[in-house]
Amino acid sequence: MKHLSLRMLFLLSIILTGSSSIYGQSAVSPEGADAYVYSLVTDASSLAAGDQFVIVNEESSVAMGAQNTNNRAKVDVTITDHTISELPDGVQIVELEKTGSNWYLKVGTQYLYAPGSSNYLKTKSDKLSGESAKAKIEINGETGVATILFKTNSTFKKDYNWVRYNSTNRIFSCYTFDQQDVYIYRREPAATFDVTMGSAGWRTLICAQNVSVQDGYQAYTVTGSDASSVMLTNVASVKAGSPYLLSGPEGTCTLTVIDAAEEPEGNLLAVSTESDGDGVYVLANKSHGVGFYRWDGGLIGSGRVILPATAVAGKSREFFGFDEGGTTSISEKLTVKSEKFAPATEFYNLNGQRVTAPTKGLYIVNGRKVVVK
């Protein structure tokens, strides 16, 4: 394992509402990207309960959206090689359920159904009331065209219960004939996905899959602490669901999905739950520079990267900076005269405390250890 020897004085990118701290994002689906893609299904036998998919019309590059009174809206999508890489807001995700031999198409807390003697596609809360929510799905293996039929009068005939796209009215609904074909695009893990790094060069990270990190970027865990700092340990890969810090240059960092990743040993970072609140530590940039600050803003919410107070020394301390637990050699320090700095330059001592009038000694300036003569 390799350790990091830096105290970074950068701004992080995500501001929490109602807080003066600037706090690294830790969404499971990383910022600016979806960890999944939606791909065309060409084999109906591959469908399984729990699958999530969207209903698409390829000719018009649209996907089924929100419920109107009697049908469903369309949302424009970008389809490349029978794949939707980024799902726009408003697209309706359908979850497949099965009871006995019958499929049910769940949207949110409701179920799609065909009312029968009209060209309607609606939703109901009770899928078992009547038979109109029971669905049959067939797929043409050569073209990928999906035939989705709802049961009407105890049959699956194309009798006002065939899901189609009406390009004239730009709606998805049920019809007896004509209109345009629909296709099923199922949610699948992406081979790669991107996360955004700001000028700070630091963020928190949790991924839904095991991933490796693009060259030039590095993932770290927190593996120890003393009274004033935490130790960051370099890791070779990122384990799904585990919390990390990610560092690197501003821009886009590509994460590549891999089959397996080692469980991080001795990682003091944790993922917050709804009950976590005051007293935990979060990544922020405030008066002492970038590091972990005590959170005193009430409940923090779930899915955030935190450093529990019980995991560190000096549990009542306001701030923990980054350190490797060792001493940086004098050759790695920059020796300068104090007058070379602009009057507005901010100096911090090795405890992360701002110094307004530095004298001779070792300080942190713009993320570097500097010896002032």
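Refer to the preceding data block for the structure.
Structural notes, computed from the coordinates. For every chain, the first residue of the written sequence is number 1, and numbering continues from 1 along that sequence. Thresholds applied to this predicted model are a pLDDT of at least 70 for local features of residues and 80 or more for the giving and counting of side-chain atom pairs; totals over whole chains, interfaces and linings are not thresholded and use all residues. Here the side-chain values reflect all heavy atoms present in the structure, with hydrogen atoms and water set aside.

## Topic: the packing of aromatic side chains
A pair of aromatic rings is counted whenever rings of Phe, Tyr or Trp (Trp by its six-membered ring) have centres within 6.5 Å, and the orientation is called stacked for planes under 30 degrees apart, edge-to-face for over 60 and tilted otherwise. If you walk through the whole model with that rule in mind, you get six aromatic pairs. Their ring planes at 35° and their centres at 5.9 Å tell us that Trp 202 and Tyr 220 sit as a pair that is tilted. Highlighted residues: Trp 202 in strand 16 (residues 202-205) and Tyr 220 in strand 18 (residues 218-225), separated in sequence by 18 residues. Accessibility assignment for this pair places Trp 202 and Tyr 220 in one class, buried. Seen in terms of ring centroids, Tyr 281 and Phe 320 are 5.2 Å apart; in terms of plane orientation they differ by 80°. Their pairing is edge-to-face. With Tyr 281 in strand 23 (residues 281-286) and Phe 320 in strand 26 (residues 319-323), the pair connects residues that are 39 residues apart, well separated along the chain. Judged by relative accessible area, which is 0%, Tyr 281 ranks as buried. Clustering of aromatic rings is evident, with ring pairs tying together Trp 202, Tyr 220, Phe 292 and Phe 322. Charge over a ring is defined by NZ of Lys or CZ of Arg lying within 6 Å of the ring centre and within 35 degrees of the ring normal. The aromatic ring of Trp 103 is capped on one face by Lys 98, whose charged end is 4.5 Å from the ring centroid. Starting at the N terminus, helices and strands are each numbered in turn, a helix being any DSSP run of H or I of at least four residues and a strand any DSSP run of E of at least two. We call a residue buried when its accessible area falls under 20% of the maximum for its residue type, exposed when it is over 50%, and partly exposed in between, using a 1.4 Å probe and counting protein chains only.

## Considering the pairing of strand 18
Across three bridges, the pairing between strand 18 and strand 20 (residues 244-247) is antiparallel. Paired with Tyr 220 across the bridge in strand 20 is Leu 245. Turn length for the strand 18-strand 19 (residues 229-235) hairpin, with the two strands adjacent in sequence and antiparallel, is three residues. In this scheme, strands are said to pair when DSSP sees at least two bridges between them.

## Details of the sheet that holds strand 21 (residues 251-257)
Taken in spatial order, the three strands make up an open sheet running 15-21-17, and their pairing is antiparallel. Edge positions in the open sheet fall to strand 15 (192-197) and strand 17 (211-213), since each of these has one partner strand only. Ignoring strand direction, the axes of neighbouring strands in this sheet form an average angle of 35°. Relative to strand 21, strand 17 runs antiparallel, the two being bridged by three bridges. From the neighbouring strand, Ser 212 faces strand 21, where its bridge partner is Thr 256. To get an axis, fit a line to the C-alpha atoms, keeping to the stretch in contact for a helix; angles then go from 0 to 180 degrees between the N-to-C directions.

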